[in-house]
Amino acid sequence: MTKAMAPLQISSGHSCDFWAHKRLLTMDDVTLWPVAMQSSRYRRTAKLIRRSDPELYHITLVLPGSGRLQVAEGDRRSVSSVHDLYILDSSRPFDVEVAEEHELAVGIGVEIPRVHFPHATGRAMGGLLGQRLAGQEGFGALLSHFLAHLVSRKAAHQPSDIPRLKQILLDLVTGLVARELDIASSLSAETTRRHKFLLMRSFIQQNHHDPELTPRTVAAAHFISPRQLHRLFEDEGITAAAYIRSLRLAQARRRLADPALIGSSVQTIAQRCGYTSAAHFSRSFSAAYGMAPREYRDLVHRQRTAAERPARRLSSPEDRDRCPAEPPRAAGGRSGSTAWR
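Residues numbered from 1 in each chain as written. Predicted model: local features only at pLDDT ≥ 70, side-chain atom pairs only at ≥ 80, totals over all residues. Heavy atoms only, no water.

Colleague: Just give me the short version of the overall build of the chain, but keep the residues and values in it.
Modeller: The helix and strand tally for the chain stands at 12 helices and 12 strands. For the chain, with 341 residues in total, the buried portion stands at 40%. Restricting the contact set of the chain to residue pairs at least 6 apart, pairs at least 24 apart contribute 69%. Accessible surface computed for the chain: about 19,300 Å², of which carbon and sulfur atoms make up 51%. (Helix = DSSP H or I, 4+ residues; strand = E, 2+ residues; numbered from the N terminus. Buried < 20%, exposed > 50% of the residue type's maximum accessible area, 1.4 Å probe, protein only. Contact = heavy atoms within 4.5 Å. Areas by Shrake-Rupley, 256 points an atom, 1.4 Å probe, with all protein chains shown as cover.)

Listed below in structure tokens is the structure:
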């Protein structure tokens, strides 16, 4: 915990058999740490602050599987449950404890240097620290989804992605803080634009399966003009219509390749991905992937069947003598993966 955040007093009723699982992920000077542990208590005292203070804002997202967390900051007391967020300051005393001894603490911790919050004064932030913040609406929901994505073991990011991922994270946290402190008017024009774009993108991701979803309906849902929506997406190098189309096609492609959906017709899959016309879906899919939906499904099925076919078993010494010295070569000169027994 000292390496992840700052020195803390830690205690637990499970001192004889306490267990915890934790990972550290760093993005320059920002640290994320998904954690699961037995019930415990974490206190940052004035004495510890005088000894060492990294001047960080700490954010916790409470995940499913966690018990309720009792958070004390100054005279404020609050209880955070699953999907809630709260913010603490490493320069101020706090006390966090799992409410029930038999429950776990499961969540994602985030440490961000205070220098990344230029518009949030210490006095203003003081009114926000330790409060329960909703993680299922507005910027809280966007931040929660993004944190879950970042710590997912399935997230395939390269080191070169870190600066952009860090900037998105800071934008979302800044938006959440600004909303809570009502200081949105003091944000830069670029930060405000990013916030709007992230909101539009999240809305489309959640509703792209709706056949009524169009750039016009997205704009209307957020009380902006279609022209304003177009400018937001244009700055990101794509149009809103193209983004909607790409999400629908990607979802359809995943469903066509899913063996669990082999009994669903192509038309049914198209409808579930927001298409009302089978012909339009077929043309769009062919333009994007170079083959018709049915051809793609058949190809994936054949490839899967071939991959699952058991290797040929050699039954005699003569057969074994005929084995090549090396595995067969695949196209392009690479070694194949055929197993010889």
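Colleague: Outline the sheet that holds strand E10 (residues 94-98), supporting the account with residue identities and numerical values.
Modeller: Taken in spatial order, the 5 strands of this open sheet run E1-E5-E10-E7-E8, and their pairing is antiparallel. Edge strands, defined here as strands with exactly one partner in the open sheet, are strand E1 (9-11) and strand E8 (76-80). When the angles between neighbouring strand axes are averaged without regard to direction, this sheet yields 10°. Judged from the 5 bridges that link them, strand E7 (residues 69-73) and E10 form a sheet pairing that is antiparallel. The partner of Leu 69 across the bridge, within E10, is Val 98. (Pairing = 2+ DSSP bridges. Axes fitted to C-alpha atoms, helices over the stretch in contact; angles between N-to-C directions.)

Colleague: I'd like to hear about the packing of helix H5 (residues 189-207) against helix H7 (residues 226-234), residue by residue, with values.
Modeller: One way to put it is that H5 packs onto H7 with a least axis distance of 10 Å and a crossing angle of 100°. One finds that H5 runs roughly perpendicular with respect to H7. Along its contact with H5, which presents Arg 193, Lys 196, Phe 197, Met 200, Arg 201 and Ile 204, the element H7 presents Leu 229, Leu 232 and Phe 233. Each residue belonging to the contact of H5 with H7 can be placed in one class, and the counts come to 6 nonpolar, no polar and 3 charged. (Parallel < 35°, antiparallel > 145°, perpendicular 65-115°, else oblique. Nonpolar A, V, L, I, M, F, W, Y, C, P; charged D, E, K, R; others polar.)

Colleague: A description of the packing of aromatic side chains should follow, citing residues and the corresponding values.
Modeller: Counting across every chain of the model gives 6 aromatic pairs. Aromatic side chains Phe 233 and Tyr 243 sit 5.9 Å apart centroid to centroid with 45° between the ring planes, which places their arrangement in the tilted category. Remark: Tyr 243 occurs in helix H8 (residues 240-257) and Phe 233 occurs in helix H7; sequence separation between them is 10 residues. Judged by its relative accessible area of 0%, Phe 233 falls in the buried class. Relative to Phe 281, the ring of Tyr 275 lies with its centre 5.0 Å away and its plane at 55°, an arrangement referred to as tilted. In this structure, Tyr 275 and Phe 281 share a single accessibility class: buried. Grouping aromatic residues by their ring pairs yields a cluster made of Tyr 275, Phe 281, Phe 285, Tyr 289 and Tyr 296. Over the aromatic face of Trp 33 sits the side chain of Lys 22, whose NZ or CZ is 4.2 Å from the ring centroid. (Phe/Tyr/Trp six-rings, centres within 6.5 Å; stacked < 30°, edge-to-face > 60°. Lys NZ or Arg CZ within 6 Å of the ring centre and 35° of its normal.)

Colleague: Go over the pairing of strand E6 (residues 56-62), please, and point to the residues and values.
Modeller: The side chains of a regular strand alternate between both faces of the sheet. Among the 7 residues in E6, 7 count as buried, and that is most of the element. In this sheet, strand E11 (residues 104-113) lies alongside E6 in antiparallel orientation, the contact comprising 7 bridges. Bridge assignment links Leu 61 to a residue of E11, and that residue is Ile 108. Summarising the sheet, E6 and strand E9 (residues 84-89) pair through 5 bridges and their orientation is antiparallel.

Colleague: Report on the pattern of salt bridges, specifying residues and quantitative values.
Modeller: Enumeration over the complete set of coordinates arrives at 15 salt bridges. The partner of Glu 236 in a salt bridge is Arg 164, with the nearest N and O atoms 3.2 Å apart. Placement of Glu 236 in the loop between H7 and H8 and of Arg 164 in helix H4 (residues 162-181) is noted, with a sequence separation of 72 residues between them. Three or more residues joined by partner-sharing salt bridges are found here, namely Arg 164, Arg 193, Asp 235 and Glu 236. (Salt bridge = Lys/Arg side-chain N within 4 Å of Asp/Glu carboxyl O.)

Colleague: Before we move on, can you summarise H4 with the specific residues and values?
Modeller: The terminal C-alpha atoms of H4, which comprises 20 residues, lie 28 Å apart, in line with the 28 Å expected from a rise of 1.5 Å per residue. Burial within H4 is extensive, with 14 of its 20 residues counted as buried. Positive phi appears at Asp 182, one or two residues downstream of H4, with a value of about 55°. (Expected span 1.5 Å × (residues − 1).)

Colleague: Describe unusual backbone geometry, listing the residues and the values that go with them.
Modeller: For Asp 28, which is not glycine, the phi dihedral falls at a positive 60°. Counting through the fold element by element, Asp 28 comes out in the loop between strand E3 (25-27) and strand E4 (30-38). In the Ramachandran plot, His 83 falls in the positive-phi region, its phi being about 80° despite a non-glycine side chain. When you line up the elements, His 83 lands in the loop between E8 and E9.

Colleague: I'd love a proper account of the environment of Ala 278, names of residues and values included.
Modeller: Secondary-structure assignment places Ala 278 in helix H10 (residues 278-289). The class for Ala 278 is partly exposed, based on a relative accessible area of 40%. It is 9.0 Å that separates the C-alpha atoms of Ala 278 and Thr 268, two residues lying 10 residues apart in sequence.

Colleague: Outline the side chain of Ser 144, listing residues and values.
Modeller: In this fold, Ser 144 is placed in helix H3 (residues 138-151). There is a polar contact of 3.1 Å between the side chain of Ser 144 and the backbone oxygen of Gly 135. Aside from chain neighbours lying at most four places away, what touches Ser 144 is Leu 61, Leu 85 and Gly 135. (Polar contact = N/O pair within 3.5 Å; in protein donor to acceptor, adjacent residues only side chain to side chain.)

Colleague: How would you summarise the pairing of strand E5 (residues 41-44) if you had to cite specific residues and measurements?
Modeller: Burial of the side chains of E5 is restricted to one face: Tyr 42 and Arg 44 are buried, whereas none of Arg 41 and Arg 43 on the reverse face is. Looking at chain direction, E1 and E5 are connected through 3 bridges and run antiparallel. Residue Gln 9 lies in a different strand from E5, and its bridge partner there is Arg 43. Relative to E10, E5 runs antiparallel, the two sharing 4 bridges. The residue bridging Tyr 42 from the neighbouring strand is Val 96, located in E10.

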